[in-house]
Structures are given as structure tokens and as C-alpha cells.
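In case you want the letters, here they are:
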Amino acid sequence: MFLERQAQLRQLEDLLAQAGRGHGRVAALLGEAGAGKTALVEAFAGSVGGNVAIFRSACEDLSIPDPLGPLYDLAREAQWELPRAVDEKQVQRLPLFCDALDVFAAKGPSLLIIEDLHWADDATLDFVRFLGRRIANVHILLVVTARTDRSEGQMRVRRALGEIPAGSVQRVEVPLLSETAVKSLAGAAERDGGAIYRATAGNAFFVTELLAAESDTALPASVRDAVLARAERLSPGARSMLDAVSVFPRRADAWALSGLCGIAAAGQLAECVSHGLLEDLGDGYAFRHEIARSAIEMALTPSLRREYNQRALAALQEKQDVATAKLVHHAVEAQDLAAVRELAPLAAREASRLGAHRDAAGYYEVALRYCDGMPMESRAELHEGHAFECHLIGRIDAAIEAQSQARRLRQALGDRLKEGDSLRCLSRFSYLLGDREAADRFGVQAVALLETAPDSAELAMAYSNLSQLAMLAERLDETVSFGGKAVELAERLNRRDILCHALNNLGAAGQWLDLAKGQRDLARSLDIALEDNFQEHAARAFTNSACLEMNRLALGEAQSFLERGIAYCVENDLATWRDYMRGVQAQLLLRRGLWDDAATIAHEVIDDEAATALVRYPALAALARLRIRRGDPSAEQVLDEMKRFLDKGMEVQRLVSYAAVMAERAWLEQGERDEALRLIDLAETLSPTRAVFGELAIWRQMLLPGSDPGDTAGMAEPHRLQLAGDWRGAAALWADMGASFEQALALLQGDEAAQRKALGILEGLGARPMAQHARGLMRQSGLIHIARGPRQATRSNQAGLTQRQMEVLQLLERGFSNKKIAAHLTISPKTVDHHVSAVLEKLEVISRGEAAAAARASGLL
């Protein structure tokens, strides 16, 4: 009997019909463990007509996921040789995923199923993202299932689904069964439905287990107890077989069980199937639900668990095509140290090749837990691999610790090349952590050590690292000098990866020396990175290209690089670079007047606890400006974090953005004018060219009207015109690029009509402090009849609401969700939750609608 799932089945049938018409979708079936997601998938797949091809797969609850395991399952069902495809594409995932899409699309109307996505590896999640972003125009319905707990895996699923266009993904909730449904099922079995509902709360799997229990007199207290009670009815041999099957996540192949348990296996397996504990899949066996498998496995004694896993490992090693991830899982569970030492590093390298960097880091961690007694060289290699993978996924502290261990081992071995390369890596990781001083120190030490050895690729990369550090500090001569050495040595050694890195540095610095050459060097660096699958170099090239275009105010080109770069990082699991570019994207949206969108993106970066100081900085810069312009008192904490970053090492690009924010505050008379001017003067001193200084020159002129702007040659055209007094020309250029805030600042330098237009722009943006200050300047210049602007609520104290709570109340009345309120006010969603609760309490109401009604009735709104 299949109850209370008709609405979900209709949703799925409608989505499949749309896919049949060429409008593919992703359907995410979401519910708690045991809610009945798999049963719903089975019912839906069983109802599909013969004209639809069905391809099924699932993720496994391995200690570390099998990279692209579900795609291998789907490929086998589609009779596509994925291992050969992986080799042919040299493990470049984008071409590989494109081939996969072509293979499934060629099958006609298709249903693809991936169950238990919460156990997926990063590469599989990237495939789901890839397919989701391209599914709208193909005849494919992708159905995924995932739990709704608060595990890390579920949160990663949520992020992956969130990066698919909203129109291409449909979330289908699979709720618990109602009491009525449970009583109906129980009635058919002549059982006490009320008691079963009270015990299960409607969890479908638990309900099924209790209905299979022998009586109602002593219902098991948990699913685990129910499964174990059913298992106790088995004969000793069949129970041992059930125990053996339980160490295989998801399914146990028949050939593996035969090797594991011998000729008696068939009869024992049949008994487990007849008791409803296992399902016969034809070529293997599986528990009816992962909850049941886990219950049996967890009941094993430690010695039995090790024994069964050791035998499983031996059986699986007899087969050539078993995934290394599965072998590692059983080796770890069996505590087979020799097998772990052999297999875990291999699995790490395989995961890294497929772009599953989080999983690669996990395998290295497993290997390092069992590395005692290994040769020093092997341990150093494990630490180096672990450091590299950790830095790619944003775990910079862990990367530094691992690389430091590797350096000590290389030093003990007397290996100057590897020790020097460790120093270079420590320089890079320190910079990513926001420690500029340590980055410079390690970088210089690396070159000094490597120059004592014959020319090497390690020395070329160390030169390029110093070139990069110099470029980031706008020390152009050093950038060119070290970059030239790196290019010459890289070309001589035929190291395209190092050439790619060095060209990136030279291109970024070239924007201030020879723009056309800088753009060519960056374009060549990006081409090499994409051709040779140098993923981090490609991410850097996208980032620096976007920043170059932002600096010259070519906002359309900057947006293009950011969109391509962020998509590339999402597909290749490069979290650090993705979030850095999203911070730059927030700055771009801010400049274009899309302030709510800018706030949303900036918060997504800053609210991620894993984001490092360097990664957070562009988002902080955008958020600081936005909060100051909107009059948000919480700007102070953002400014404090920006200042702490600068205290670790002064870089012009960071200083310029911080000085600009401080200048805005000073112009509003909210900060110290002298301190803002000091920062502007410092930035001017450190700037390698006048082109870097355009925005700050304008702020200095606004703080010191009539001051000499100095040499404006090389500055962006709107800056140059505004400093020359051509406010009309500057305002027109700002308007053309959609930079309404900057347009308003230019108009404030103009005549009465221009100033009134500027005031309207500022009010339209919600820049209340800016608008109020502009009114004051207009009055000082003799203008009259200046609009007062929106009136603040004057009776908020009747309810004891703070100013911020009044703002939240006004947005509640407009129907804003908490997420939208957070974006509008540039505060975190958690903070909004607190404010909403406070508003409801002070107004003595229980709902948002009641709050709005009460506020209107009392005159607050």
C-alpha cells in the first residue's frame, strides 16, 4: 500500500513530461532518513513508459566517497566506457562532463537517478551542477535523493543545488506519514496504528519495520532495535551472512560474497531475503535501507568488524576494476596498515586527478594516520600532497601545517630542491592566510636556497612567486625582473605551468605599464591554463583579468571574466578562488547600483567560516562601503577586520580600497578627516603610477575642495574629467556604465539642477546618510526648497523598538523574507532572525502579518 505520495508522483510525472518535450529539469527528493525517498523513486521508475530510458546510480556511505562513483554506475547502464573516456580527456572534467551529457542526451527521453547524494564526492556534485546548468534544453530528468539532516554532506548538497538556475531545479519534499496513513497501514495488518505512530512519528521505514514485528506488546524503541529484532529470527548461519553483507556499503556483489563466505552463501542469502532483510538484485544483494545495514554493522563486535572487512578486502582485490575508494574503506575498517599505506595515497592521487580535492585531502589524512614506519621520503610526499589539496579547498591553516612538516623532512634528507619548493609553498600559503610578512620572508628564503643548486623548475617557480608578491604590492620593477627570470628559465626547461604562472604576474603588472601587452600576457596565461588543465593558474588568470578590467572601469568585460571564472571554479571545486572572485563580483554589483545583490554575495562569502582573511577582503570592501552608504552602524566591525588585514602587510591594492572607505566616512563627518587624508597620502606615495590613484584623488578633492589634483595622466577617463572640473562629462560616463552612485558624486559638483538630480539618485539608492549630507552642502551653497526626503518613524518608542527594529518592521510590512531583509540591510540572516523575534515580542504578536497590522493600527507605519 503506497500512501500520501500521490502529489509527489504527480510532480515527478509532470517534470518527466516536460523533459520529454525538451525542457529537462533536476528533481531533488528531500526528506529525513527513512522517510520513503527510495520507495518513491521505485514507484515512479516503475510507472515510467517504455519510451523513456532509465539509468540508475547511488552514492555509498564510504569513509571517503568514491570520486565520480555514480557517474561510473550511470555509464555502465548506458554502455559507455567511462574509464576510457576519462583517459582520453586526460581527466579534464569539463570535456568529460560534456561527453556524458552527449551520451545521455543521445538516448532520447531519459530518466537519470542518483540516490543518497548526501554521500557524494565533490566531483559527483560538480557533475550534478554541470548537468543542472545545461539540462533545460535536453530531454533528461535527473532525480536525486538527499537527506534533510544538518550534516556536512547535506549542506554541500544544498550549496550544489543552489548553484543550479532556479528554473532548472525542483525540490520535492518527502514528508513523514500522517497518523491517518499509519493507522491505515496498521489496520490492513491488524496492528495498533496509534501505538505504531507514537513510536515512529510517521517515519516510513520505521513503520514498515514495526509492522513486521511479531507483536504490539513490546514495540522496539528505535529503528535499530526493530532491525535487530528481525535479524534475531535468522538461523546462526544466515545471521553470520547478514553480518558479512553489512560491511559492504550500498550493495554486496554476488561474486564477492561467494569469495567471502564460500558455497554455503546461496542458502543463507536466500534466508535473509525471505525474512525481508536483504533484497536480491540478481548480481548482488543489498539491505532494504541504509538504516538497516548500519544497524547490523554497528552491532558487530570490533573483532568481527575487522575480520569481515579484511575478508571483504581480500575478495575485492581479486577483481581488477574495483574502485580504489572501496578498497581503502575496507582496509581502514580492517585496520590493515600495509594496505592503507599502499592504497590511500593511490586513492588521493586518483581523486585529485578527477578534481575531487576535498576527497583527495581526506585520503592523504588517512594515509598520514598510518604513516609511522614509512620511509622519510614517502612521508614527505604525503605531507606535500596533503598541503596542496588543503590549499585548493581553502583549508590554509592545515596546508601550512602539512607543508611545514614536509619542509622539516626534506631538510633532514638534505634535499635542497624540495626544501626550497616547500619554502615557496609556505610563502604562497602565508599570503593566502593574510600574512604578507611571512609570505615575503619564506619567498626570499626559497630563492636564496634554490640559487645554491643548479637551475631547476623549483627555482623558476620561486622566481615567479617573488614576481607575484611584487605584483600584488605594485612593485612593478621587481615584478618584471623576477617575472622575466621565471619566463626565461621556464621556457628553457619546457615548463608550461611555470610559464603560465609568470605570464599571469607580468600581465597583471602590465596594466600599469603597457595595457595592451598586459592584456595579451594575461590572455596567453589563461589559454595555456585552460589547454593544459592548470586549474589554479586558470582561476588566477580569470581573477587578474577581471581585476584589470575593473581597474580601467570596463565593467562589461570584468563581468564576463567573473562569470566565466566563478563557473570554472565551481566546476573544478576551487573554493578559495571562487569566493575571492565573488567578493570582486560584489564590488562590481555595488558600482552598478545593484546593492541588494552585492550584499547577498558579500554575505555568502563572509558568513563562510572557512574563508580566509585574503579571500574575505574583496567582500569586506564591498560590504563596508555599502553599510556606510546606508548608514548601518555595523560598518565598524567590517572596517576593523580590513584594518587587521592591512596590519599584517601593507599592499597598495588593499590600502586603496580601505582608504576610499575611510574617506567616504570622513566626507560624511562620521570619521576622522585627517586620518583619511593620511591614508590617501600614504597610498599616493606607494602607488607605482598615477593610474592607481584616480578614485582617491577624487576623495581628496572632496575632502579638501580646491586642492590640486596633481598629474591625472593615465587615470580612468571619468576620474580624469571629474578632477579637471568637467562634472558633466564625468557624470555622463558614469551613467553610461550604470555607476549611479559615482554619477551622483560627480553631479554634486555641478549646478543646482545637477545637485537636485544627485540627491534624487542617492535617495533612490537608499543612501540616506549620503543624501542627508548632500542636503546640507546644498543648503550651505544657498539652495532653497530642498526636499526633506523620507520621514523617519517618530513614534517607535511607543513600542520600544530600536531604529534597526523599525527598519526590519518596515520591510516585514512590505512582505520581505528574512533573506531579502538581510540583503537589503546588509546584515546576516541570523541577525535578522533576532530582530524579527524582538519585533514580535515587543508588539505582543505571534506572526509577521500580525506585526504589520499592529504597527499600522498604532501608527508606527
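Throughout this document, residue positions are counted from 1 along each chain, in the order its sequence is written. Reporting of local features is limited, given that this is a predicted model, to residues whose pLDDT is at least 70; pairs of side-chain atoms are given and counted only at 80 or more, and all residues count toward the totals for whole chains, interfaces and linings. Only hydrogens and water are set aside; all other atoms, that is, all heavy atoms of the structure, feed into the side-chain values.

**Description of the overall build of the protein**
Stage number 1. Strands here mean DSSP runs of E at least two residues long; helices mean DSSP runs of H or I at least four residues long; both are numbered from the N terminus. Helix and strand counts for the protein come out as 45 helices and eight strands.
Stage number 2. In terms of overall dimensions, the protein is globule-like: its C-alpha atoms have a radius of gyration of 31 Å, near the 29 Å expected for 861 residues.
Stage number 3. C-alpha atoms of the protein, sized along the principal axes, occupy 95 × 85 × 45 Å.
Stage number 4. Categorising residues by exposure relies on relative accessible area from a 1.4 Å probe, with only protein chains included: less than 20% of the type maximum marks a residue as buried, more than 50% marks it as exposed, and the intermediate range marks it as partly exposed. Scored against the burial criterion, the 861 residues of the protein give a buried share of 58%.
Stage number 5. We call two residues in contact whenever any of their non-hydrogen atoms come within 4.5 Å of each other. Taking the contacts inside the protein whose residues are at least 6 apart along the sequence as the reference set, 65% of them involve residues at least 24 apart.
Stage number 6. As displayed, the protein has an accessible area near 35,400 Å², and 50% of this comes from carbon and sulfur atoms. Atoms considered for the radius of gyration are the C-alpha atoms alone. The globule rule reads 2.2 Å times the number of residues to the power 0.38. Areas reported as accessible are Shrake-Rupley estimates using a 1.4 Å probe. Residue values count occlusion only from the protein chains shown.

**What about the packing of aromatic side chains?**
Stage number 1. The aromatic pairing rule takes the rings of Phe, Tyr and Trp, using the six-membered ring of Trp, and pairs them if the centres are within 6.5 Å, calling planes under 30 degrees apart stacked, those over 60 edge-to-face and the rest tilted. All told, the structure shown has nine aromatic pairs when counted by the stated rule.
Stage number 2. An angle of 55 degrees between the planes, with centres 5.5 Å apart, marks the rings of Phe 97 and Phe 130 as tilted. Taken together, the residues span a long stretch of sequence, with Phe 97 in helix H5 (residues 93–105) and Phe 130 in helix H6 (residues 122–134) at a distance of 33 residues.
Stage number 3. Looking at Phe 97, the relative accessible area reads 1%, which means it is buried.
Stage number 4. Overall, the relative accessible area of 0% leaves Phe 130 in the buried class.

**Points about unusual backbone geometry**
Stage number 1. One non-glycine residue, Asp 116, lies in positive phi territory at about 55 degrees.
Stage number 2. Among the structural elements, Asp 116 can be located in the loop between strand S3 (110–115) and H6.
Stage number 3. Phi is positive for Glu 474, which is not a glycine, with a value near 60 degrees.
Stage number 4. Topologically, Glu 474 is positioned in the loop between helix H24 (457–472) and helix H25 (476–493).
Stage number 5. Assessed through its relative accessible area of 11%, Glu 474 is described here as buried.

**Some details on the sheet that holds strand S1 (residues 25–31)**
Stage number 1. Across the sheet, which stays open at both edges, the five strands sit in the order S2-S3-S4-S1-S5 with parallel pairing between neighbours. Here the strands that pair on one side only, and so sit at the sheet edges, are strand S2 (53–58) and strand S5 (169–173). If you compare each strand with its neighbour and ignore which way they point, the axes differ by 15 degrees on average.
Stage number 2. Two strands are said to pair when DSSP picks up at least two bridges between them. Pairing analysis gives six bridges linking S2 to S3, with the strands arranged parallel. Within S3, the position partnered with Ala 58 by the bridge is Glu 115.
Stage number 3. Here an axis means a line fitted to C-alpha atoms, over the contact stretch when the element is a helix, while the angle between two N-to-C directions is reported on a 0 to 180 degree scale. The strands touched by H5 are S2, S3 and strand S4 (140–147); relative to S4, the strand with the most contacts, the crossing angle is about 115 degrees.

**Thoughts on empty space enclosed by the protein**
Stage number 1. Note on definitions: the grid is 1 Å and covers protein atoms alone; a cavity is a set of points where a 1.4 Å probe fits but cannot get out; a pocket is an open set with protein on both sides within 12 Å along at least five of seven lines; lining residues have an atom within 4 Å of a point. Grid points are joined across faces, edges and corners, and a volume is the space filled by probe spheres set on the points. The final tally for this structure, using the stated rule, is two cavities of 30 Å³ or more.
Stage number 2. Computed from the structure, the largest cavity encloses a volume of approximately 120 Å³.
Stage number 3. In terms of lining, the largest cavity is formed by 14 residues, of which the most central are Glu 695, Ile 698, Trp 699, Glu 742 and Leu 745.
Stage number 4. At the level of elements, helix H32 (613–630), helix H36 (694–703), helix H37 (717–723) and helix H39 (740–747) are the ones that each hand at least two residues to the lining of the largest cavity.
Stage number 5. In terms of residue count, the dominant contributor to the lining of the largest cavity is H36 (four residues).
Stage number 6. Just so you know the grouping, Ala, Val, Leu, Ile, Met, Phe, Trp, Tyr, Cys and Pro go in nonpolar, Asp, Glu, Lys and Arg go in charged, and all remaining residues, Gly too, go in polar. Of the residues belonging to the lining of the largest cavity, the class tally is six nonpolar, two polar and six charged.
Stage number 7. As for the second largest cavity, its lining consists of His 391, Leu 392, Arg 428, Leu 432, Glu 536, Leu 574, Thr 576 and Trp 577.
Stage number 8. Looking at the lining of the second largest cavity, its residues break down into four nonpolar, two polar and two charged.

**A few points about the sheet that holds strand S7 (residues 278–280)**
Stage number 1. The strand order across the open sheet built from three strands is S6-S8-S7, with neighbouring strands paired in antiparallel fashion. Looking at strand neighbours, the two that pair on one side only are strand S6 (252–253) and S7, the edges of this open sheet.
Stage number 2. With three bridges connecting them, S7 and strand S8 (residues 284–287) associate as antiparallel partners. Each bridged residue has a counterpart across the sheet, and for Asp 280 the counterpart in S8 is Tyr 285.
Stage number 3. Its contacts with the sheet put helix H12 (residues 236–246) on S6, S7 and S8, and the angle it makes with S8 is roughly 90 degrees.
Stage number 4. Packed onto the sheet, helix H14 (residues 265–274) meets S7 and S8 and runs at close to 115 degrees relative to S7.

**A few points about the pattern of salt bridges**
Stage number 1. Just to be clear on terms, a salt bridge is a Lys or Arg side-chain nitrogen sitting within 4 Å of an Asp or Glu carboxyl oxygen. The tally for this structure, following the rule as stated, stands at 61 salt bridges.
Stage number 2. The partner of Arg 410 in a salt bridge is Asp 415, with the nearest N and O atoms 3.8 Å apart.
Stage number 3. For Asp 415, a relative accessible area of 23% puts it in the partly exposed group.
Stage number 4. Two residues, Glu 695 and Arg 625, come together in a salt bridge whose shortest N-O distance is 2.7 Å. Residue Glu 695 is found in helix H36, and its partner Arg 625 is found in helix H32; the two are separated by 70 residues along the sequence. Accessibility assignment for this pair places Glu 695 and Arg 625 in one class, buried.
Stage number 5. Through salt bridges with shared partners, one network takes in Asp 61, Glu 290, Arg 293, Glu 297, Arg 305 and Glu 333.

**Here's the deal with the confidence of the model for the protein**
Stage number 1. Per-residue confidence from the prediction method is given by pLDDT, with values spanning 0 to 100. Of the residues in the protein, 95% reach a pLDDT of 70 or more, and the chain-wide mean stands at 89.
Stage number 2. Within the model, pLDDT remains below 50 along residues 791–797, and this stretch shows nine contacts once partners closer than five positions in the same chain are excluded.

**Remarks on the pairing of S1**
Stage number 1. Of all seven residues in S1, seven are buried, a share of seventy percent or more.
Stage number 2. Of the two faces of S1, the one lined by Arg 25, Ala 27, Leu 29 and Gly 31 and the one lined by Val 26, Ala 28 and Leu 30 are each fully buried.
Stage number 3. The sheet contact formed by S1 and S4 spans seven bridges and is parallel. Residue pairing for S4: Val 26 is matched across the bridge by Leu 142.

**Comments concerning H25**
Stage number 1. Helix length check: H25 (18 residues) gives 25 Å between terminal C-alpha atoms against 26 Å at 1.5 Å per residue, within 8%.
Stage number 2. When H25 is considered as a whole, its buried residues turn out to be Leu 476, Thr 479, Phe 482, Gly 483, Ala 486, Val 487, Leu 489 and Ala 490.
Stage number 3. Close packing links the buried residues of H25 with H24 and helix H26 (496–510).
Stage number 4. At the exit of H25 stands Asn 494, carrying a positive phi of roughly 55 degrees. One less than the number of residues in a helix, times 1.5 Å, gives the span that helix is expected to have.

**Examining the environment of Val 138**
Stage number 1. Assignment of secondary structure puts Val 138 in the loop between H6 and S4.
Stage number 2. Linking Val 138 and Gly 24, residues 114 residues apart in sequence, is a C-alpha distance of 5.3 Å.

**Quick word on the packing of helix H23 (residues 436–450) against H24**
Stage number 1. Where H23 contacts H24, the axes come no closer than 9 Å and their chain directions differ by 150 degrees. In terms of their interaxial angle, H23 and H24 are classed as roughly antiparallel. Here H23 and H24 pass one another in a crossing that is left-handed. For the pair formed by H23 and H24, the contact residues are Arg 436, Ala 439, Asp 440, Gly 443, Val 444, Ala 446, Val 447 and Leu 450 on the first element and Glu 458, Leu 459, Ala 462, Tyr 463, Asn 465, Leu 466, Leu 469, Ala 470 and Leu 472 on the second.
Stage number 2. Here the contact of H23 with H24 is composed, by residue class, of twelve nonpolar, two polar and three charged. Angular relationships are summarised with four words: roughly parallel below 35 degrees, roughly antiparallel beyond 145, roughly perpendicular across 65 to 115, and oblique for the angles in between. The sense of a crossing depends on the near helix, which, turned anticlockwise from the far helix by less than a right angle, makes the crossing left-handed and, turned clockwise, makes it right-handed.

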